[in-house]
Amino acid sequence: MSDAARRVLLVSLDGFRADYVNHIMAAPQVPGSSPLPAFRYLLANGARAQAMLPAFPSKTFPNHYTIATGLFPAWNGIIANTFTLRNASGAFPFNMQNKDPNFWMGEPIWLTAQKAGLVARTTGWPGSEVALHGWNPSKTAATFNYSQSGFERVDAVLALLRSSSGPPAFTSLYLNDVDDWGHAAGPDSDAVETAIAAVDASLWRLLQGLNASNLLSSTHILVTSDHGMAQTCGCGRTIPLTAVLPSTMAGNASAVAAIVAAGAADGPFIGIPCDGCSLQQARALATAMNAAASSAGYGPVFTASAKQDLPARFTGYGASSRVWPVIGLPAPGYVVASPPPPGSTAQQGCAGTHGWDTQYSAMHATLLGMGPRFAAGALLAPPAGAAAAGVAAGWAVPNVEVYGIMAEIMGIAPAPNNGTAGYATRVLLPRC
Ligand SMILES: [Zn+2]
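Remember, predicted model here, so these are calculated numbers, not experimental data.

Caption draft 1: Seen up close, the overall build of the chain. Summing up its helical and strand segments, the chain has 14 helices and 19 strands in all. Against the compact-globule benchmark of 22 Å for 432 residues, the chain has a radius of gyration of 22 Å, which places it among compact chains. When its C-alpha atoms are laid out on the principal axes, the chain stretches across 65 × 50 × 40 Å. Considering only contacts in the chain between residues 6 or more positions apart, those separated by 24 or more positions represent 73%.

Structure below.
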């Protein structure tokens, strides 16, 4: 294998739940026609994980940046889509538009590639527009444009790969159709089926474009997703924030407003700020919240705990000073919701969301790999010890492993990460 065959194209299909692939595989094939040709091509010619395990919280920005860095959120800094960083200088809010390098920790794969002397270019990957340690986004990262169609995004990547100076060693592509419709209509909706077909059409355009440029057989395409999607439809599945707070807080409008303002209430879980709280005080608050939830009839579907008391499968989440002292977790399908704005008449529809405990299979994501180092038709087994994350051995590959796989394919030294040493060489074919 020549050096030219060390190329990586990292694809994200936002919200593409693990079992969507099984539905594609199970769909009857009509002779002479090929529904979802791109997925069928990738599955026939590439390897796949039965599922990919997201990091907690199963949210978009934490998991895209975990895939990019191989670091769990406590170590990559993006502990939620919205949060507040508090330090001696003050309180600094983070949201998904924020490009302040102070929030983004670790070393994303595009930077690792660049530091190794390779050319990396990104289009629309969370964190890639942040100027981090010599990465100059104005030259290396296309600005994410939500209104751009899937075909336009694919064409932008193909243009990068057809560059007169040669294809970059690393490129990325982000497609959000499936997540959008998963939220709007729920994961089992016809709208999601239509969105999967739209994503397939974009991927088919990508595969055809690569083939036309003689790049298909030498490019490693990693198709990933950040998390799954679960239905939130059903009576009584919205848990009012005030129902899980002790009465002294629930009856205090400014205390409730402070929780919402801390960026901890975008659901489905809840983080409670508790400035200056000791562990003992945080545990007492969690106990009081659980008592309030029980009194309100939500005991079976809600558990609060001090962040230090979260189970091992939360992979050190509570170790981050950015994480709220108390975390309240609803059962799958239940959402802790902030009080609606005064005068709001909005009713929750039958729809979907994500963000729950990652042991819940509806939160599991997707990992497919095709290219010279992937054995066609192979199943990527998780590393030994993945069961510690709360998932049965032999099942889901943790998404922290993707960074090491990409580094191994590109032949570059990975930065320190939470992946498993030696895993990439075990699941990839040897380099010729
Ligand atoms: Zn997402």
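What follows continues from the structure just given.
Caption draft 2: Highlighting the sheet that holds strand 13 (residues 302-306). Read across the open sheet, the 3 strands follow the order 12-14-13; overall the sheet is antiparallel. Whereas interior strands pair on both sides, the edge strands pair on one side only; in this sheet they are strand 12 (270-272) and strand 13. Between one strand axis and the next, the sheet turns by 20 degrees as a mean value, whatever way the strands run. As defined by bridge partners, strand 13 adjoins strand 14 (residues 326-330) across 5 bridges and the pair is classed as antiparallel. Bridge pairing links Phe302 to Pro330 in strand 14.

Caption draft 3: Local environment of the environment of Asn98. Inspection of the secondary structure assignment puts Asn98 in the loop between strand 5 (90-94) and helix 5 (109-115). Remark: the alpha-carbon pair of Asn98 and Thr82, spanning 16 residues in sequence, is separated by 9.7 Å.

Caption draft 4: View of the domain arrangement of the chain. With domains assigned, the chain is organised as domain 1 (3-231 + 359-427) and domain 2 (238-348). Between domain 1 and domain 2, the C-alpha centre-to-centre distance is 30 Å. Contact residues are listed per partner, giving 23 residues for domain 1 and 16 residues for domain 2. Within the residue set of the side of domain 1 that touches domain 2, elements represented by two or more residues are helix 4 (73-76), strand 4 (83-87) and strand 10 (230-231). Considering each element in turn, the side of domain 1 that touches domain 2 owes the most residues, 3 residues, to strand 4. Here the residues of the side of domain 1 that touches domain 2 sort into 16 nonpolar, 7 polar and no charged.

About the criteria used
- Residues numbered from 1 in each chain as written.
- Predicted model: local features only at pLDDT ≥ 70, side-chain atom pairs only at ≥ 80, totals over all residues.
- Helix = DSSP H or I, 4+ residues; strand = E, 2+ residues; numbered from the N terminus.
- Rg over C-alpha atoms; globule rule 2.2 N^0.38 Å.
- Contact = placed C-beta atoms within 7 Å.
- Pairing = 2+ DSSP bridges.
- Axes fitted to C-alpha atoms, helices over the stretch in contact; angles between N-to-C directions.
- Domains from an automatic or database assignment.
- Nonpolar A, V, L, I, M, F, W, Y, C, P; charged D, E, K, R; others polar.

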